4 protein chains.
Amino acid sequence: MNEIIKIRPADPDFRAEQNAALNAALQEDYEILGRRMARRGIDIETVTELVSRFGVAVPSWGTGTGGTRFARFPGGGEPANVFDKIADCAVINSLTGATPAISPHFPWDEVADFAELRQYAATLGLGFDAVNSNTFQDHPSHGDHPLSYKFGSLSHTDPAVRAQAIRHNIRCIEAGEQLGSKALTIWIGDGSNFPGQSHFGRSFDRYIDSVKQIATALPPDWSVFLEHKIYEPAFYSTVIQDWGSSLLAAQEVGPQASCLVDLGHHAPNVNIEMIVSRLIHAGKLAGFHFNDSKYGDDDLDAGAIDPFRLFLVFNELVDVEAGSGFAKAPAYMIDQSHNVTDPIESLISSAIEIQRAYAQALLVDRAALVGFQDTNDPMMANQELKRAFTTDVAPILAMARAREGAAIEPLAAYRASGYRQACIARRPVRTAGGGGIV
Amino acid sequence: MNEIIKIRPADPDFRAEQNAALNAALQEDYEILGRRMARRGIDIETVTELVSRFGVAVPSWGTGTGGTRFARFPGGGEPANVFDKIADCAVINSLTGATPAISPHFPWDEVADFAELRQYAATLGLGFDAVNSNTFQDHPSHGDHPLSYKFGSLSHTDPAVRAQAIRHNIRCIEAGEQLGSKALTIWIGDGSNFPGQSHFGRSFDRYIDSVKQIATALPPDWSVFLEHKIYEPAFYSTVIQDWGSSLLAAQEVGPQASCLVDLGHHAPNVNIEMIVSRLIHAGKLAGFHFNDSKYGDDDLDAGAIDPFRLFLVFNELVDVEAGSGFAKAPAYMIDQSHNVTDPIESLISSAIEIQRAYAQALLVDRAALVGFQDTNDPMMANQELKRAFTTDVAPILAMARAREGAAIEPLAAYRASGYRQACIARRPVRTAGGGGIV
Amino acid sequence: MNEIIKIRPADPDFRAEQNAALNAALQEDYEILGRRMARRGIDIETVTELVSRFGVAVPSWGTGTGGTRFARFPGGGEPANVFDKIADCAVINSLTGATPAISPHFPWDEVADFAELRQYAATLGLGFDAVNSNTFQDHPSHGDHPLSYKFGSLSHTDPAVRAQAIRHNIRCIEAGEQLGSKALTIWIGDGSNFPGQSHFGRSFDRYIDSVKQIATALPPDWSVFLEHKIYEPAFYSTVIQDWGSSLLAAQEVGPQASCLVDLGHHAPNVNIEMIVSRLIHAGKLAGFHFNDSKYGDDDLDAGAIDPFRLFLVFNELVDVEAGSGFAKAPAYMIDQSHNVTDPIESLISSAIEIQRAYAQALLVDRAALVGFQDTNDPMMANQELKRAFTTDVAPILAMARAREGAAIEPLAAYRASGYRQACIARRPVRTAGGGGIV
Amino acid sequence: MNEIIKIRPADPDFRAEQNAALNAALQEDYEILGRRMARRGIDIETVTELVSRFGVAVPSWGTGTGGTRFARFPGGGEPANVFDKIADCAVINSLTGATPAISPHFPWDEVADFAELRQYAATLGLGFDAVNSNTFQDHPSHGDHPLSYKFGSLSHTDPAVRAQAIRHNIRCIEAGEQLGSKALTIWIGDGSNFPGQSHFGRSFDRYIDSVKQIATALPPDWSVFLEHKIYEPAFYSTVIQDWGSSLLAAQEVGPQASCLVDLGHHAPNVNIEMIVSRLIHAGKLAGFHFNDSKYGDDDLDAGAIDPFRLFLVFNELVDVEAGSGFAKAPAYMIDQSHNVTDPIESLISSAIEIQRAYAQALLVDRAALVGFQDTNDPMMANQELKRAFTTDVAPILAMARAREGAAIEPLAAYRASGYRQACIARRPVRTAGGGGIV
């Protein structure tokens, strides 16, 4: 195990020092916002409390610089191993107070001693969220993967390849159990590039059969999350291409299976917030991989391209919370590729944008909205959402951070900390390889 | 009831006369194609026989000129009532031999005496396919529809509007029973134009509840087809926006409910043939509304924009037929808007394009294809499909028509018949109104 | 000419009364926001002053209820003629202070005496913006249009149809001169529904030749705005389908021609703000038709679907204003179809959203942004835009209105005024016809 | 220089042997097709002659296995250097007779002695087409590229990076001159991932200024081809994102600059054949990068997804050839990523599909088509295109090959030759690196 390097942003004193000059203005802004909200009948403290409790998991792989099929331009001080990644995640959580868990990816994050890894993370205040299996790449240096996934994994025509992929997923569950995870996320690249290459029906049958076998290895309190994606890496057909296929598969696999929504995995123009509602109706909403996109699966920072869409997704979630509630709370994870930014900064910014959308959604007057809906008054219904969305909730987010001892201005504090420079000094340059972002 | 006007294309002697000059070349082309196919081990007669048996229903509303929200440019001699529409459908079937049934739309096609209507159609050699209900327009001149569908129908917030829409659907079933139909197709425009306007979850619940009530009125040998559409006339959300929602609803409504696929009702880039396969997997494929599109729900003539996609859809269907077979054969209907062409010509051309795709799909060597799929040889799998698609099956289609006494060259025969000119002379000009195309 | 009906929202006393109870809170909110902005080095008064000066034209046709090709559900009290439309526009401008001009559409708005029309509008405080020609519909009741535009207008294969369309555009210019307009906007539906139907090259040549002839009739201080649209009403090809074709045509027509950007007329995923920048580079940005869309040319209310995109468009415009400035200021018009709302409410709301985006764009620290751009700091560049966008500028917009004597809360004042009810009582019900929205 | 390995498919005797058993059937099929075409008034020999003369360039990089950002699954026997690539290209040309030129990519294909490279290719019957510069990746092992292209190249904010990129392009021209090329193709990945990151206007200005500098180094008989792409590797904005920007740039750079169309670089739904027509109108059509796509820039094999679209592109080209002709013939190149197939097989298949589309387009009766267009008969115009497209031109393509001494069935001959197995035996396994496909 690596030495636990001294992480300045994780030092409460450093953060307190950074916050010192900002506290007064924050107090003023927060009080003013509280008064404005009170005029609308909203208690700011209730909102701040809910925001404080909100957490989103950070992907271990997101701490490295991502790339495209054309190139990867490495950033400085990239993590060399899973311990480095955890250190970076600790920076993010220390500054935002919003990312208490890591979502690991195997075999990328494999270690000899998972207990040690868990302990290391705990020391830094972090737990483990859903584990992710990787059967979309070959792992020639891992003895467990002698066969290639070039033509698929869980849906491969060759039973031996399917067996290998199933075994890998079961090992992920075993690793996850040691880490304290409660869910396995399965995303596969299986599909085809040419009409005729795959038999749609038989591929789907094989996929479901494989996942059923994996599900038998799930502990009773675990879930398996099925993640769909319209295309890439397969460019003509993908086995789990949309939420309909994901739902059918989850229905057949059984009650432990549900459907994960990645915001960038849909056809152009698709109404994602409606898919969220439909999966809630079906009792099969697993949770989210948050990111943003303009064209394809761009994996840009959450809220960077269409912040209103992010708000509308949270509007659906808060609506359920405010009503019947979820039988099982959805899992929130970030899944992004940071190609041109410092990954830590992108994850900080994204966590805040996700909280912002949540806070805005909490401001919607649900009773008023239902009234406008029931009387078919689209103008006032829409105005109600707009009023929530255009409210500047920055003071609420900052106050939630301040009270938790995180940073009032996380990006500024991060830059002030010199953490990246320290990493550049300590960590080797990583030139090879792609970003491997789901 | 209207006089049965003398329909020249429906006269076997006229068609025989038209075919006379074409028979010799057709025989030669057919024999040559037969020899080429025999080289590949395919019996042309088997294909011709299957093509002969293939039928696709024509929509009654398709015989009028369609339009857009900007304008409708009426064609000449448009049908003034359902009897005129049936006469036009008889022309299409006489010339193509491929469209033996009409799909009626209510209340557009309402008459006082359905038995007379059925008899009239039978005299012209036509039966009735799925009936279509219309709750996406107001029908102020029909006493049964005092309430407006402006804010929805089967999913409306007002129980009285839902009840009205349910009653209309039940009346459609009753009309369909008298006409010999066996299915009701439900397409609604319900949705919203503004975020916040509708509650996604409650709208969906109301829709399902309404369809369940309609389903209780279905005779035991009837089906109800649920048709999804991504958008239009609603521009932010649509209650049954994709096949996932359609499937969820059909599952909850029960075994008589299944999902109808309109080729133009999908998000950009979506792989439609894969959706067909998934609905087959779920046992919920109702059938098709054929048309083609480049942008949205363009409702262009089948095969006009992407003939290879149409072929790939039939490739899925033929694959099932060649294997386990369908428990219930899918329903085939055309659903197009003919804005700039003579609707009869567009329906003739479309019926032929649909047959063409079917015939090409029949040429695929299924055993060879499975072999290439199982050994992951995408190049040869793709070549197998391409070879089928690039085969010029025109002689097969023409021979199927010739043997049935239809026209070898239907469009030329139609133009030679002077039917349109006769209609222009007899039928009043219809300037008002939109195209009302689903 | 119609009696000038008593328009309550246009009565300053009514508005003052409505504002009375809101003034105190507005003053407080405005001062607080001013202090927060001062902390960032922004003078709120400068912003409020610019917002006050900002105006967007309202389309005369937008005051009626729109529809789709499936149906039009009329609203109550729709305008029966152009005088009614102007009265409705006066309501909008009285309440928002942001819509001082009307964009008329011919032959829809044709009157015998344009001087009287101009006088009537002036009495209500309104002027006339760009005139719009309509050659995408037939006008059988107008003697000037004996030929049909079914197969095109300015690009029609028949010179007689082209001549008719050219004459109509020239008459629009003549009408506009009498009304005080300074620009003609040309949008045509010319295109094709089938591969092969049109010759792309020759159609384009004919279009350019026709516009050149129209341009010869332009007074020296007039402009002609060419509006592109990817599809609809033509569904396979459109003559002016994108900004590239629009630019080529404008270049060939000459210096009085430029390119109008309608936000809903683009292919999915297209970066519209970049097109704005490119047209600025080419010196050919005419201006905008504002609206919002999720799927196609949905013509929804501006800012309803993607408010961040609207902000990014204004970010480009403000950037030029803040720098070299425009040789000729872009023209701002709303172009929407109000299918489910009261059109007056939608136009009020849209004008406010457009102002909001403009105000937010004014908050960007341009010097700082350029600094981040030049040093390739995408995170901070993006944060700068986000900070502007998440600022709640509602107090600025309301103060600008208050100072002009418009309504602090326009929608609430409108509902309180009883204007719609008065219209319902006076105006006949309009059941027939489509929405005719460009 | 590598030994020229014995290339069996390049041996005329091998091909003659492969063809021996196929000649008789081909003769029969060709004669029959000739008779059918004669009935339509088309001389098959004219078509075959034009097909024989048609050539499309093969990209050197296309001979390696491509990949996605997720993974690259290497194929066997991949080329280790540019000589290997040329050997593979020789195989393709020997078997198809349709790919006489190679399009090289620098610095990937850099060698010490370009004269030797040219000689080597000539020995194998190959010349060199447009050279491609690569400033979308860093080249740390090439001394000429000390600066990173992470934040752009020709449009970079830093003049030193721009100068480096300009120099590289000029070196590409110099290399191309030695190889006998006559054009430089510039595709850059410059753009941004975040709103605000780049200044659209200034980036574009810098790009144009850089290309102008490159253009000064062009020999008088050279062209520079500007290639646009909507997105990827940049995910929010791209400097040359569409044909409009490409056109503006080409206009400003001058007469040697023109616009290259890659079929996969457009927004969803865009009508590409119309863009081809517009660039012809502007006198700026450089040529094509052929491939096919369903979602984004999938870089699938030409004609694999939408063969009718490929036909419609050729329909535009043949129309010009049949009329006024091109002042400068468009350049035809393939640009694909072969992720799951043997690259040689994909390039063979693609070259044939491109020829097929060309041959089909030659069958259109242009005079008849113009007649249908001029009389607004969309049905018959469309039927004319369909008749050409559904004609099975395989015998023409095969006869053109047979007469040139290429293979009647190239894929079968290739598999029979054992070439890939020989490569696997001789060439080292290449595990690292991406596909680097433009």
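Please read these numbers as outputs of a predicted model, since none were measured by experiment.

A. The arrangement of the sheet that holds strand S11 (residues 285-290) of chain D in detail. All names here are of chain D. Spatial ordering of the open sheet is given by S3-S5-S6-S8-S10-S11-S12, a layout of 7 strands whose pairing is parallel. Looking at strand neighbours, the two that pair on one side only are strand S3 (105-106) and strand S12 (331-334), the edges of this open sheet. Sheet topology places strand S5 (residues 131-133) next to strand S6 (residues 183-186); 2 bridges connect them, and they run parallel. Within S6, the position partnered with valine 131 by the bridge is leucine 184.

B. Broad picture of the relation of the copies chain B and chain A. Turning chain B through 180° and shifting it by 0.0 Å along the axis lays it on chain A, with an RMSD of 0.0 Å. On the angle and the small slide along the axis, the relation comes out as a two-fold axis. Among all residues of chain B, the minimum C-alpha distance to the rotation axis is found for glycine 244 of chain B, at 2.1 Å. Take the interface residues of chain B: 100% of them recur as interface residues in chain A, which is what a same-surface contact looks like.

C. Fine view of the packing of aromatic side chains. Across all of its chains, the model carries 90 aromatic pairs over all chains by this definition. Ring geometry for tryptophan 187 of chain B and phenylalanine 70 of chain C: centres 5.2 Å apart, planes at 45°, overall tilted. Here the residue tryptophan 187 of chain B occupies a position in the loop between strand S6 (183-186) and strand S7 (191-192), and phenylalanine 70 of chain C occupies one in the loop between strand S1 (58-59) and helix H4 (82-96), the pair thus bridging two chains. Here tryptophan 187 of chain B and phenylalanine 70 of chain C have matching classes, each one buried. Judged by centre distance (5.9 Å) and plane angle (50°), the rings of phenylalanine 314 of chain B and tyrosine 358 of chain B are tilted. With phenylalanine 314 of chain B in helix H10 (residues 307-322) and tyrosine 358 of chain B in helix H11 (residues 343-362), this pair connects stretches of sequence that are 44 residues apart. On the basis of relative accessibility, which here comes to 5%, the residue tyrosine 358 of chain B falls in the buried class. Each member of the aromatic cluster is reached from another via a ring pair, and the members are Phe54, Phe288, Phe290, Phe314, Tyr332 and Tyr358 of chain A.

D. A look at the nonpolar core. Membership of the largest hydrophobic core comes to 540 residues, with the highest contact counts inside it found for Phe314 of chain A, Phe314 of chain B, Phe314 of chain C together with Phe314 of chain D. Dropping the residues within four chain positions of it, phenylalanine 314 of chain D is found in contact with Phe54, Phe290, Tyr332, Ile354, Ala357, Tyr358 and Ala361 of chain D.

E. Here's a closer look at the packing of helix H4 (residues 82-96) of chain B against H11 of chain B. Residue and element names in this part refer to chain B. At their nearest, the axes of H4 and H11 sit 10 Å apart, and the two run at 35° to each other. Read as a crossing pair, H4 and H11 show a hand that is right-handed. Across the interface between the two elements, Asp88, Val91, Ile92, Leu95 and Thr96 of H4 pack against Ile344, Leu347 and Ile348 of H11. A breakdown of the residues in the contact of H4 with H11 according to their chemical character gives 6 nonpolar, 1 polar and 1 charged.

F. Spatial organisation of helix H6 (residues 159-179) of chain A. All names here are of chain A. The end-to-end C-alpha distance of H6, which contains 21 residues, comes to 30 Å, matching closely the 30 Å that a straight helix rising 1.5 Å per residue would cover. All of the buried residues along H6 are Val161, Arg162, Gln164, Ala165, Ile166, His168, Asn169, Cys172, Ile173, Ala175, Gly176 and Leu179. The distance from a side-chain oxygen at the start of H6 to the backbone nitrogen of alanine 160 is 2.8 Å, and the residue carrying that oxygen is aspartate 158. Glycine 180 occupies a position one or two residues after H6 and carries a positive phi of about 95°.

G. Looking closely at the interface of chain B and chain A. Counting residues at the interface gives 53 residues for chain B and 53 residues for chain A. Carbon and sulfur atoms supply 57% of the area buried between chain B and chain A, which totals about 4,500 Å² over both sides. When the buried surface of chain B facing chain A is broken down by residue, Phe200, Arg278 and His281 of chain B rank first, second and third, together holding 14% of it. The interface formed by chain B and chain A contains 0 salt bridges. Joining chain B to chain A, the criterion identifies 29 residue pairs in polar contact (both at pLDDT 80 or more).

H. Layout of the interface of chain A and chain D. At the interface, 48 residues of chain A touch 48 residues of chain D. Surface buried jointly by chain A and chain D totals about 4,000 Å² across both partners, of which 63% is contributed by carbon and sulfur atoms. Across the pair aspartate 299 of chain D and arginine 69 of chain A runs a salt bridge, and its minimum N-O distance is 3.0 Å. Linking chain A with chain D are 13 residue pairs in polar contact (both at pLDDT 80 or more), by the criterion used here.

I. Highlighting the pairing of strand S6 (residues 183-186) of chain A. Residues Ala183 and Thr185 of chain A of S6 of chain A are buried on one face, and the alternating residues Leu184 and Ile186 of chain A, pointing to the opposite face, are buried as well. Note on the crossover from strand S5 (residues 131-133) of chain A through H6 of chain A to S6 of chain A: the handedness is right-handed.

J. Region of interest: the relation of the copies chain A and chain D. With an axial shift of 0.0 Å and an RMSD of 0.0 Å, the rotation relating chain A to chain D amounts to 180°. Most of the interface of chain A is mirrored in chain D, where 100% of its interface residues again form contacts.

K. Structural detail: the UniProt feature "domain: Xylose isomerase-like TIM barrel" (unreviewed entry) in chain A. Listed under "domain: Xylose isomerase-like TIM barrel" (unreviewed entry) in the UniProt record, and renumbered for this structure, are residues 105-299 of chain A. Between the first and last C-alpha atoms of residues 105-299 of chain A the distance is 17 Å; the span itself is 35% helix and 16% strand.

L. Quick peek at the side chain of histidine 168 of chain A. Residue and element names in this part refer to chain A. Note that histidine 168 resides in helix H6. You can call histidine 168 buried: its relative accessible area is 4%. For histidine 168, the side chain forms a polar contact with the main-chain nitrogen of asparagine 134, separated by 3.2 Å. Leave out the neighbours within four places in its chain, and histidine 168 touches Phe106, Pro107, Ser133, Asn134, Thr135 and His145.

M. Local environment of the pattern of salt bridges. Taken as a whole, this structure holds 104 salt bridges over all chains when the rule is applied. A salt bridge links lysine 386 of chain A to glutamate 353 of chain C; its shortest N-O distance comes to 3.7 Å. Taken together, the residues lysine 386 of chain A in helix H13 (residues 378-390) and glutamate 353 of chain C in helix H11 (residues 343-362) connect one chain to another. When sorted by exposure, lysine 386 of chain A lands in the same class as glutamate 353 of chain C, which is buried. Salt-bridge contacts for aspartate 392 of chain D lead to arginine 36 of chain B; the nearest nitrogen and oxygen are separated by 4.0 Å. With aspartate 392 of chain D in the loop between helix H13 (378-390) and helix H14 (394-404) and arginine 36 of chain B in helix H2 (residues 23-39), this residue pair bridges two chains. Here the salt bridges do not stand alone but share partners, grouping Arg69 of chain A together with Lys229, Glu232, Asp297 and Asp299 of chain D into one network.

N. Representation of the confidence of the model for chain A. All names here are of chain A. Looking at chain A, pLDDT values average 95 and 97% of them are 70 or higher. In the predicted structure, residues 433-438 sits below a pLDDT of 50 and forms 29 contacts with residues beyond four places in sequence or in another chain. The ipTM value of the predicted complex is 0.96, and its pTM value is 0.97.

O. Local environment of the sheet that holds strand S4 (residues 127-128) of chain B. Residue and element names in this part refer to chain B. Taken together, the 3 strands give an open sheet; going across it, the order is S1-S2-S4, and neighbouring strands pair in parallel fashion. Of all the strands in the sheet, the pair left with one neighbour each is strand S1 (58-59) and S4. Sheet topology note: the S1/strand S2 (residues 101-103) ladder contains 2 bridges and is parallel. Within S2, the residue paired with valine 58 across the bridge is isoleucine 102.

P. The environment of glutamate 273 of chain D, seen in detail. Of note, glutamate 273 of chain D is situated in helix H9 (residues 272-281). Under the relative-accessibility criterion, glutamate 273 of chain D is labelled buried at 2%. Along the sequence, glutamate 273 of chain D and glutamate 177 of chain D sit 96 residues apart, while their C-alpha atoms lie 32 Å from each other. For glutamate 273 of chain D, the residues in contact, after removing those within four places along its chain, are Phe200 and Tyr236 of chain C together with Arg309, Leu312, Val313 and Glu316 of chain D.

Q. Quick look at the packing of H2 of chain B against helix H14 (residues 394-404) of chain B. All names here are of chain B. Across the interface, H2 lies against H14 with an axial gap of 9 Å and an inter-helix angle of 125°. As judged from the angle between their axes, H2 and H14 are oblique. Note on packing geometry: the crossing formed by H2 with H14 is left-handed. Along the contact surface, H2 presents Leu26, Gln27, Asp29, Tyr30, Leu33 and Met37, while H14 presents Pro395, Ile396, Ala398, Met399, Ala402 and Arg403. Looking at the contact of H2 with H14 residue by residue, the class counts come to 9 nonpolar, 1 polar and 2 charged.

R. Expanded view of the environment of aspartate 158 of chain D. Residue and element names in this part refer to chain D. Residue placement: aspartate 158 occurs in the loop between S5 and helix H6 (159-179). Note on aspartate 158: relative accessible area 32%, which makes it partly exposed. At 2.8 Å, the side chain of aspartate 158 forms a polar contact with the backbone nitrogen of alanine 160.

Cut-offs used in this document
- Residues numbered from 1 in each chain as written.
- Chains lettered and ligands numbered in written order.
- Predicted model: local features only at pLDDT ≥ 70, side-chain atom pairs only at ≥ 80, totals over all residues.
- Heavy atoms only, no water.
- Pairing = 2+ DSSP bridges.
- Helix = DSSP H or I, 4+ residues; strand = E, 2+ residues; numbered from the N terminus.
- Least-squares fit on C-alpha atoms with pLDDT ≥ 70 in both.
- Contact = heavy atoms within 4.5 Å.
- Phe/Tyr/Trp six-rings, centres within 6.5 Å; stacked < 30°, edge-to-face > 60°.
- Buried < 20%, exposed > 50% of the residue type's maximum accessible area, 1.4 Å probe, protein only.
- Core = buried A, V, L, I, M, F, W, Y, C linked by side-chain atoms within 4.5 Å.
- Axes fitted to C-alpha atoms, helices over the stretch in contact; angles between N-to-C directions.
- Left-handed = near helix turned anticlockwise from the far one by under 90°.
- Nonpolar A, V, L, I, M, F, W, Y, C, P; charged D, E, K, R; others polar.
- Expected span 1.5 Å × (residues − 1).
- Polar contact = N/O pair within 3.5 Å; in protein donor to acceptor, adjacent residues only side chain to side chain.
- Buried area = accessible area lost by both parts, 1.4 Å probe.
- Salt bridge = Lys/Arg side-chain N within 4 Å of Asp/Glu carboxyl O.
- Right-handed = clockwise from strand over helix to strand, strands pointing away.
- UniProt positions renumbered as here; feature names shortened; annotations may be inferred.
- pLDDT = per-residue confidence, 0-100.
- Parallel < 35°, antiparallel > 145°, perpendicular 65-115°, else oblique.

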